[in-house]
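The chain contents come next:
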Amino acid sequence: MRTRIRTLATAATVVAAATAGLTLPASAATARTAGDFDGDGYADLAVGVPDGAVGGRAKAGYVTVVWGGPKGIGAHGSIRISQSTPEVPGTPETGDRFGASVALVDLNGDGIAELLVGAPGEDIAGRGKDVGMVEAVAGARHGTRPGSVVLDGPSPSAAYGLSVAAADLTGDGGKEIVIGGRDKVVARVAQGEDSMIATVVTAPMGGRAPVLATGDFTGDGTADLAVGYWSRTPFTQSHVRLWSWDAAEQAMANVWNTDNAGVSALAAGDFDGDGHDDLALGECREIADENIDDPCGPEELAEGGGIHVHYGSARSGSFGYRQQTLNQDTAGVAGVAEDGDRFGAALVVADLDHDGRDDLVAGAPGEAIGRRAGAGAATVLFGGPTGLLDAKGAARSTGLQQDTPRVPGIAETGDAFGTALATGDYDHDGRLDLAVGSPGENAGSGGVWMLPRAGAAGSTAFTPARLGLPSPKSALGYGRHLGGR
């Protein structure tokens, strides 16, 4: 299914006007960094606050872009972006939930990231309530330039913007924007002056946001799309499926499936360093007990949350045959597997130790620290020659939480440290850093931790109060939605 539209410019055109006139000196140009919204050479962090009030309108929502700098994120200020920002289309309204999904992506190839923002509660006259919308906002030095609507939903309760991602799916050098709604995932494909809206999947998802990730799983040099979703007909089912662009059909084609594998997160990375992308399924749990294929690996490894990895291969059509499964009871993994830990509920990938193999960071927002239930933790799982597990089935990892020495704060009940994760070179030292969201911090006001090189040394934290956000003591859940590189 596909629809051609001319009412919107291509994704590149949307932001080309927004970034026109923003020129950088050669020294700054060479220092361009993924996730850099203001073009200063430092990666920035987007934090979505969909439950925040704007102009007295409850849950209108906003996004803060927290600037990177020599001391990382949190020490160099931020800006607050909402639909009341002059360059942003629309008007803040009660329940818009602007910021429910966020991503910082360089859409037009100029080295400066644009901010993609989902507002699944957006109402549109003539279409009804909760139609939803995704917008692209272009950055400038310590500010914004004009943004535009990427796509809005076609009907009431479509809730476009529950999730968002972007990658070059067609191999033309541009980036397609993928949008998750209440019961649908679509991709906006740029084709010259036109945009084509390709339907990826339609299924009754019970209000859950579809989980999106991109990577080259087919080994053809072009990004593919991974989607995790739940459906309720004829009974509750769960799916993780891959789609690739079919140039002949001008559509997204389903190329690989694993069913009855329910996930909370997906992440793509080359964990074994063989040049082929692998796919990690976070907090993977089997839905159909009678399924003998064990889509999440051995069932005992799902306790407390398990991570199941499908590995890429040089052999055509052999993606996913080699698999590994781990949880907090796996040798070498920090912590102990306990019910409710939610290990793997958030995932992010980066080569943190600079060895040429990707590493995986797993959030466990339900982790109990001592008697403090739901304090939360994050675990860095290092890649190796055989992936996240060595030949003996053991992992190499580092555990991080608020009671880790040199990490600021105190682990408290309900902090939910590890709910969201992002990476970026926030201090521009050539190594990637880790941002960890803790939306339960300070009675639900929330906060974000900056861990240089994903370690405790030099780590800092910032909260809404520190950033001067309105109503800092309210239940903002700051840190629940992070968008980095």
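Preceding block: the structure.
Note that the coordinates shown come from a computational prediction; the quantities given were computed from them, not determined experimentally. (Residues numbered from 1 in each chain as written. Predicted model: local features only at pLDDT ≥ 70, side-chain atom pairs only at ≥ 80, totals over all residues. Heavy atoms only, no water.)

Trainee: I'd like to hear about the state of the cysteines, residue by residue, with values.
Mentor: Note: disulfide means a covalent bond formed between the sulfur atoms of two cysteine side chains. Within the structure shown, the criterion is met by one disulfide. Across a sulfur-sulfur distance of 2.0 Å, Cys284 and Cys296 are joined as a disulfide pair. Its S-S torsion of about -70 degrees marks the bond between Cys284 and Cys296 as left-handed, since a negative value means left-handed. On the criterion of sequence distance, the pair formed by Cys284 in the loop between strand S19 (278–282) and strand S20 (285–286) and Cys296 in the loop between S20 and strand S21 (307–310) is long-range, its members being 12 residues apart. Judged by relative accessible area, which is 7%, Cys296 ranks as buried. (Disulfide = S-S within 2.5 Å. Helix = DSSP H or I, 4+ residues; strand = E, 2+ residues; numbered from the N terminus. Buried < 20%, exposed > 50% of the residue type's maximum accessible area, 1.4 Å probe, protein only.)

Trainee: Outline the packing of aromatic side chains, listing residues and values.
Mentor: According to the stated counting rule, one finds five aromatic pairs in the structure shown. Ring geometry for Phe217 versus Phe319: centroids 5.5 Å apart, planes at 55 degrees, classification tilted. Of this pair, Phe217 sits in the loop between strand S13 (211–215) and strand S14 (224–231) while Phe319 sits in the loop between S21 and strand S22 (323–326), placing them 102 residues apart in sequence. Each member of the pair Phe217 and Phe319 is classed as buried. Ring plane angle 80 degrees and centroid distance 5.1 Å describe the contact between Trp256 and Phe319, whose orientation is recorded as edge-to-face. Remark: Phe319 occurs in the loop between S21 and S22 and Trp256 occurs in strand S16 (residues 251–259); sequence separation between them is 63 residues. Owing to a relative accessible area of 16%, Trp256 belongs among the buried residues under this scheme. (Phe/Tyr/Trp six-rings, centres within 6.5 Å; stacked < 30°, edge-to-face > 60°.)

Trainee: Account for the sheet that holds strand S6 (residues 114–119), with residues named and values stated.
Mentor: To summarise the sheet geometry, strands pair through backbone hydrogen bonds and adopt either a parallel or an antiparallel arrangement. On the basis of which strands lie adjacent, the open sheet formed by four strands has the order S5-S6-S7-S8 and antiparallel pairing. For this open sheet the edge positions go to strand S5 (101–105) and strand S8 (143–152), each flanked by a neighbour on one side alone. When strand polarity is set aside, the average angle formed by the axes of neighbouring strands in this sheet is 20 degrees. Relative to S8, strand S7 (residues 133–140) is paired through seven bridges, and the arrangement is antiparallel. Bridged to Val134 within S8 is Leu151. (Pairing = 2+ DSSP bridges. Axes fitted to C-alpha atoms, helices over the stretch in contact; angles between N-to-C directions.)

Interpretation in functional terms is not warranted from these geometric data alone.
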